[in-house]
Amino acid sequence: MKHTLLIKDWLYSFLSLWFPRCCVVCGGSLAKGEECICTMCNINLPRTDYHLRKDNPVEKLFWGKFPLERATSFFFYRKGSDFRQVLHQLKYGGQKEIGAIMGRYMASELQASDFFHGVDVIIPIPLHKKKQQIRGYNQSEWISRGIMAVTGIPVDTEAIIRRKNTETQTQKSALERWENVDGIFELHRSEYLAGKHILIVDDVLTTGATTVACASRLAEIEGVRISVLTLAMAE
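Below: a short report on this structure. Source: prediction; values computed, not measured. (Residues numbered from 1 in each chain as written. Predicted model: local features only at pLDDT ≥ 70, side-chain atom pairs only at ≥ 80, totals over all residues. Heavy atoms only, no water.)

### Some thoughts on the overall build of the protein chain
Helices and strands together make up the secondary structure of the protein chain, namely nine helices and six strands. Across the 235 residues in the protein chain, those meeting the buried criterion constitute 45%. Relative to all contacts within the protein chain whose residues are 6 or more apart in sequence, the contacts with residues 24 or more apart total 74%. Surface accessibility of the protein chain: about 12,400 Å² in total, with carbon and sulfur atoms responsible for 53%. (Helix = DSSP H or I, 4+ residues; strand = E, 2+ residues; numbered from the N terminus. Buried < 20%, exposed > 50% of the residue type's maximum accessible area, 1.4 Å probe, protein only. Contact = heavy atoms within 4.5 Å. Areas by Shrake-Rupley, 256 points an atom, 1.4 Å probe, with all protein chains shown as cover.)

Given below as structure tokens:
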């Protein structure tokens, strides 16, 4: 066993020398045991801590729009901040593993607050099949996988689908975002969700238009309760 560990340590050092792993935020080399972001950047991550506040700004954003249990975002997405690289590399850099890693980090911190208490199933915001084929994956699904790894709550990617391939929301106004997502989701094999507590997961929260569109369709299922969790919240 000791001999095997020594070989693994040597191999890790060798690979790190020729293929250094770098923090997606600061670009510095990652130490053994660090994933995606270094310890210092993890410490400095602009956390919202909204999961510790009842009636927080994320929850208020969804009040009156669907049967909401609770909602939060993990960190702030600020213009000009280096922490934007977490989302940029996840969404556009092809680094889907960042989603699973950050999902685990997020779930580990939120679990102590009972945020996941009573949740029956995780549903990531779906991408249209054409967009997912181009990107190769759904970043929200990978975040959900990380959450599942910590909480054990199953992920469902089939109960609701995206039937319209909408334009990107990035450069749209608030009104245009709401118009862009009108009627884009469709329930599919969702009968078993009756009476369940659903956690909707997405990468970044801006106006909340996409989340509301998804949650509104899920709210058509009898007796459902809905919570929302996003990796980041735009400021």
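Text resumes after the structure shown.
### Notes on the sheet that holds strand β6 (residues 225–234)
Sheet strands associate in pairs through backbone hydrogen bonding, adopting either a parallel or an antiparallel arrangement. The four strands are arranged β1-β6-β5-β2 in an open sheet whose pairing can be described as parallel. Edge positions in the open sheet fall to β1 (68–77) and β2 (121–124), since each of these has one partner strand only. Averaged over all adjacent pairs, the angle separating strand axes in this sheet is 20°, with direction ignored. Alignment of β2 against strand β5 (residues 197–205), held across four bridges, turns out to be parallel. In the strand pairing of β5, Val-121 is matched with Ile-198. (Pairing = 2+ DSSP bridges. Axes fitted to C-alpha atoms, helices over the stretch in contact; angles between N-to-C directions.)

### Looking at the nonpolar core
By size, the foremost hydrophobic cluster in this structure holds 34 residues, and its most contacted members are Ile-37, Phe-75, Val-86, Met-102, Phe-116, Ile-147 and Leu-231. Those elements that place two or more of their residues in this core are β1, α4 (84–91), α5 (97–111), α7 (139–151), β5 and β6. Residues from two domains meet in this core; each of domain 1 (1–43) and domain 2 (45–234) gives at least three. Those residues in contact with Leu-231 that lie beyond four places of it in its chain are Ser-73, Phe-74, Phe-75, Val-86, Leu-87, Leu-90, Met-102, Met-106, Ile-143, Asp-202 and Asp-203. (Core = buried A, V, L, I, M, F, W, Y, C linked by side-chain atoms within 4.5 Å. Domains from an automatic or database assignment.)

### Remarks on unusual backbone geometry
At Asp-49, a residue that is not glycine, the phi angle is positive and equals roughly 60°. Inspection of the secondary structure assignment puts Asp-49 in the loop between α2 (39–44) and α3 (57–62). With a phi close to 65°, Asp-114 is a non-glycine residue in the positive phi region. Overall, Asp-114 belongs to the exposed group, its relative accessible area being 52%.

### Regarding the pattern of salt bridges
On inspection of all chains with the given rule, the structure shows eight salt bridges. Note that Arg-145 is salt-bridged to Glu-141, the shortest N-O span being 3.3 Å. Taken as a pair, Arg-145 and Glu-141 lie in helix α7 at a separation of four residues, close to a single helical turn. Classification of Glu-141 as buried rests on a relative accessible area of 16%. Note that Glu-220 is salt-bridged to Arg-217, the shortest N-O span being 2.9 Å. Residue classification places Arg-217 among the partly exposed residues on the basis of a relative accessible area of 23%. (Salt bridge = Lys/Arg side-chain N within 4 Å of Asp/Glu carboxyl O.)

### Looking at the packing of α5 against α7
Two elements in contact, α5 and α7, have axes separated by 6 Å at closest approach and are oriented at 40°. It follows that α5 is oblique to α7 by the angle criterion. In the crossing of α5 with α7, the sense of the turn from one axis to the other is right-handed. Side by side, α5 and α7 meet where Glu-97, Gly-99, Ala-100, Gly-103, Arg-104, Met-106, Ala-107, Ser-108 and Gln-111 of the first sit next to Trp-142, Ile-143, Gly-146, Ile-147, Ala-149, Val-150 and Thr-151 of the second. Looking at the contact of α5 with α7, its residues break down into eight nonpolar, six polar and two charged. (Parallel < 35°, antiparallel > 145°, perpendicular 65-115°, else oblique. Left-handed = near helix turned anticlockwise from the far one by under 90°. Nonpolar A, V, L, I, M, F, W, Y, C, P; charged D, E, K, R; others polar.)

### Details of the packing of α4 against α5
Geometry of a packed helix pair, given as the angle between the helix axes and the separation of the axes. Between α4 and α5, the shortest axis-to-axis distance is 8 Å and the interhelical angle comes to 135°. As summarised for this structure, α4 and α5 are arranged oblique, according to the angle between their axes. Here Val-86, Gln-89 and Leu-90 of α4 lie close against α5, whose contacting residues are Ile-98, Gly-99 and Met-102. In the contact of α4 with α5, the residues fall into four nonpolar, two polar and no charged.

### Topic: the side chain of His-197
Checked against the element boundaries, His-197 lands in strand β5. Within polar-contact distance, the side chain of His-197 engages the backbone oxygen of Gly-118 at 3.4 Å. Here His-197 is in contact with Glu-69, Arg-70, His-117, Gly-118, Val-119, Asp-120, Val-121, Arg-225, Ile-226 and Ser-227, once residues within four sequence places are set aside. (Polar contact = N/O pair within 3.5 Å; in protein donor to acceptor, adjacent residues only side chain to side chain.)

The values are spatial; any link to function lies outside them.
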